[in-house]
Amino acid sequence: CVCVCGAEVISRERSTCCAEFGVVLSFKRGAFGFFCARSEWRNTISRRMSSVFIPERTATAGRNAPARHPLNQKCTYKDGQPKPLTTPVSASAEEVEKRLGELKLKLPELTYRTTTPRAAPKEKSLFHAHVVYDKKVLQFDAYFKQSVHESALEHYRVRYVKVYYYLEDDTMAIIEPEVANSGLVQGKLVARQPFPKDGTSTTLNWKDLNVGINLSLYGRVYRLINCDQFTRTFLDCEGIAVNQPEEAPVDPYTIMRQAADKPRPEAVTPSDYDELKRFIQLDRKLLRFFCVWDDCAQGVTERRYFTLLYYLVDDTIEIRQDHENNDGRD
C-alpha cells in the first residue's frame, strides 16, 4: 500500500491511513483505488499518484529477492595476460613515453613520512615468467657411481644421466637414457619438482648450477660434466662464467659387455662330434690295405709283404708283416 502525504510517497506493507488528508489507499492484484475525505485534495492526490511507479508483484519480488549490483567490465585478456580495459586517449608517442617515465620515478608517499630511507621499487616486467621462459630448459650432462655388492666381476657402475632445469617455474628433473639389455631400471629417476639445497630450507636455483660441480640430491651425488649451447649462452648472458667440460669416466662393466656382445668376424659351423656316438657306430670297423716292401735299389731282391690297418673308431693305424713259414724273421 502507498500513503501519499504532500509530496512524499512512502511504501508500507499494509494499508496506511493518512490522518492529515484522511486518505486511505489499498492495493489488490496490481490495481488500486483511493478515497479522499476532502474533495479539494482529490485532484492533487490523483496527479501525484500518477507519477508513482508501482511494480508488479512477481515470485522474486519482496524482501527475499536477491540484490543485484551489476558492475562494468574493467579488464580483458589479450595474449593470455590480463590487461586493463581503458578508453583510448589520443596522445603522441613522446607524451606517452614522458608519462611512463614520470610514473616509474614517482614513489608512493604515505601521510606520515618517516626518516627511514626507502629503496626504489623494482621495475616490474611487462610479461609473466611463464610467458617469457615457456619451453626454455637448461640441460646438463652428469653421471653418478652406483656401488655393486656381492659381485666378482664389478664393484661399481657408472650411470650417465641428463639434468634438466625448467626456467618457467624453477623445477628440475633427472632422466637416464635407456640402454638396451642393461638390466637396470632406467628412464625418469627423479620427477620434475623443486630440488632442496643441502641443510637449508630453500630450493636450488639456476644460479647454483655450473659445469664441474657436485649436485647432492636424495642420497646421490651427481657430477655435472657438460651442458648444451643454449645453457652456456644463457649463463654467460647472466654473468656466470661456465667452466670447461670434463670427460666422463668409463664404465668397466659396459666395456666388458661390449667385448662379449661383439659379433665374430667369421662364422664357424659347430661340430657334431660325439665320442659315444662314434664308438657305437664305428667300433670294430677298420680299413685294410695290403702293402709290399721291395728294396731293389740296395741290391736286395727279397720282397716283404705287409698289411696296413686303419681303425675308424679312433683314427689310428697299425702295420703288420705277413710272415711265411721258416722265413727267419720275427
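The structure contained in this document is the topic of the report that follows. The residue numbers shown here count from 1 along each chain, following its written sequence. Restriction of local features to residues with pLDDT of at least 70 applies here, the model being predicted, together with a cutoff of 80 or more for giving and counting side-chain atom pairs; totals for whole chains, interfaces and linings are based on all residues. The side-chain quantities take in all heavy atoms of the structure and omit both hydrogens and water.

1. Describing the overall build of the protein
Then, in step 1: What counts as a helix is a DSSP run of H or I of at least four residues, what counts as a strand is a run of E of at least two, and both are numbered from the N terminus. On a plain count of helices and strands, the protein comes out with six helices and 16 strands.
Then, in step 2: When burial is assessed residue by residue, the protein has 18% of its 330 residues classed as buried.
Then, in step 3: Pairs at least 24 residues apart make up 38% of the contacts formed inside the protein by residues separated by at least 6 positions. Exposure categories follow from relative accessible area, calculated using a 1.4 Å probe and restricted to protein chains: below 20% of the type maximum is buried, above 50% is exposed, and the middle band is partly exposed. Pairs of residues are marked as contacts when any of their non-hydrogen atoms sit within 4.5 Å.

2. Structural notes on the environment of Tyr 160
Then, in step 1: Topologically, Tyr 160 is positioned in strand β9 (residues 156-166).
Then, in step 2: A relative accessible area of 36% places Tyr 160 in the partly exposed class.
Then, in step 3: For the pair Tyr 160 and Asp 141, spaced 19 residues apart in sequence, the C-alpha to C-alpha distance is 7.6 Å.
Then, in step 4: Ignoring anything within four residues of it in the chain, the contact list for Tyr 160 reads Ala 142, Tyr 143, Glu 176, Pro 177, Ala 248, Pro 249, Val 250 and Asp 251.
Then, in step 5: In protein, a polar contact requires one atom able to donate a hydrogen and another able to accept it; more generally it is a pair of N or O atoms within 3.5 Å, and residues adjacent in sequence count only if both atoms are side-chain atoms. Side-chain polar atoms of Tyr 160 contact the backbone oxygen of Pro 249, separated by 2.5 Å.

3. Examining the environment of Leu 282
Then, in step 1: On the secondary structure map, Leu 282 appears in helix α6 (residues 275-282).
Then, in step 2: By relative accessible area, which is 24% here, Leu 282 ends up partly exposed.
Then, in step 3: For the pair Leu 282 and Asp 314, spaced 32 residues apart in sequence, the C-alpha to C-alpha distance is 8.8 Å.
Then, in step 4: With residues up to four places along the chain from it excluded, the contact list for Leu 282 reads Leu 312 and Val 313.

4. Notes on the pairing of strand β12 (residues 214-217)
Then, in step 1: Burial of the side chains of β12 is restricted to one face: Leu 215 and Leu 217 are buried, whereas none of Asn 214 and Ser 216 on the reverse face is.
Then, in step 2: Only when DSSP finds a minimum of two bridges between them are two strands counted as paired. With four bridges connecting them, β12 and strand β13 (residues 220-227) associate as antiparallel partners. What sits directly across from Leu 217, in β13, is Arg 220.
Then, in step 3: Counting the residues that bridge the hairpin from β12 to β13 gives two residues, and of these Tyr 218 lies at a positive phi of roughly 50°.

5. Some thoughts on unusual backbone geometry
Then, in step 1: Even without being glycine, Glu 150 reaches a positive phi, approximately 60°.
Then, in step 2: On the basis of relative accessible area, Glu 150 is assigned to the exposed category, the value being 85%.
Then, in step 3: Even without being glycine, Arg 284 reaches a positive phi, approximately 65°.

Such coordinate-based values are descriptive only and should not be taken to indicate function.
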